[in-house]
Amino acid sequence: VQLVESGGGLVQPGGALILSCAASGITFSSYVMSWNRQAPGKERELVATITTAGGRTTYADSVKGRFTISRDNAKNTVYLQMNSLKPEDTAVYYCNARTSWVNYWGQGTQVTVSS
C-alpha cells in the first residue's frame, strides 16, 4: 500500500496550493480519505474528510471556506485545494485512507506559508 502526497511548497500569505495524494495497492473507492496536518510542536489534526463516493465532505473549523477536498476514484487520487493560505496553515500535510478495519498514512508533504 502506498499513499504518495505531492504539491507542497512555499507560498506567500493569501496564496493557494493544491495537494494531491495518489494511492496504490488498495481499492481506493472503498476508502474514506482525509487530509491531516501537523505543525511543529503540535499534535496531528484532521483537516478535511471525504466519503468513498465523494458525496459528503467535512472540514476543520480553521479551514472552512478556504480549503476544498475532492477525489477522483478513476485516478485513485484525493486532492486538497487550499486558498487564502495563512501562516498558521504551515505544517506537514498527510493523506490518510481508512476503512473500519485498516488505516494507512502517506509520508507527508511540507506546506510553508511565509512572506
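Residues numbered from 1 in each chain as written. Predicted model: local features only at pLDDT ≥ 70, side-chain atom pairs only at ≥ 80, totals over all residues. Heavy atoms only, no water.

Moving on to the pairing of strand 9 (residues 91-98). Counting buried positions over the eight residues of strand 9 gives six, a clear majority of the element. Pairing of strand 9 with strand 11 (residues 109-113) involves three bridges; the strand directions are antiparallel. Following the sheet pairing, Tyr93 is matched in strand 11 by Thr109. Of the strand pairs in this sheet, strand 9 and strand 10 (residues 103-105) are connected by three bridges, and their pairing is antiparallel. Each bridged residue has a counterpart across the sheet, and for Asn96 the counterpart in strand 10 is Trp105. Here strand 9 folds back onto strand 10 in antiparallel fashion, the turn holding four residues. (Buried < 20%, exposed > 50% of the residue type's maximum accessible area, 1.4 Å probe, protein only. Helix = DSSP H or I, 4+ residues; strand = E, 2+ residues; numbered from the N terminus. Pairing = 2+ DSSP bridges.)

This part covers the environment of Ser84. Take Ser84: it is sitting in the loop between strand 8 (77-82) and strand 9. Residue classification places Ser84 among the partly exposed residues on the basis of a relative accessible area of 41%. C-alpha separation for the pair Ser84 and Arg66, spaced 18 residues apart in sequence, amounts to 6.1 Å. What Ser84 contacts, discounting residues up to four positions off in sequence, is Gly14, Gly15, Arg66 and Asp89. (Contact = heavy atoms within 4.5 Å.)

Keep in mind that these numbers describe shape and distance, not what the molecule does.
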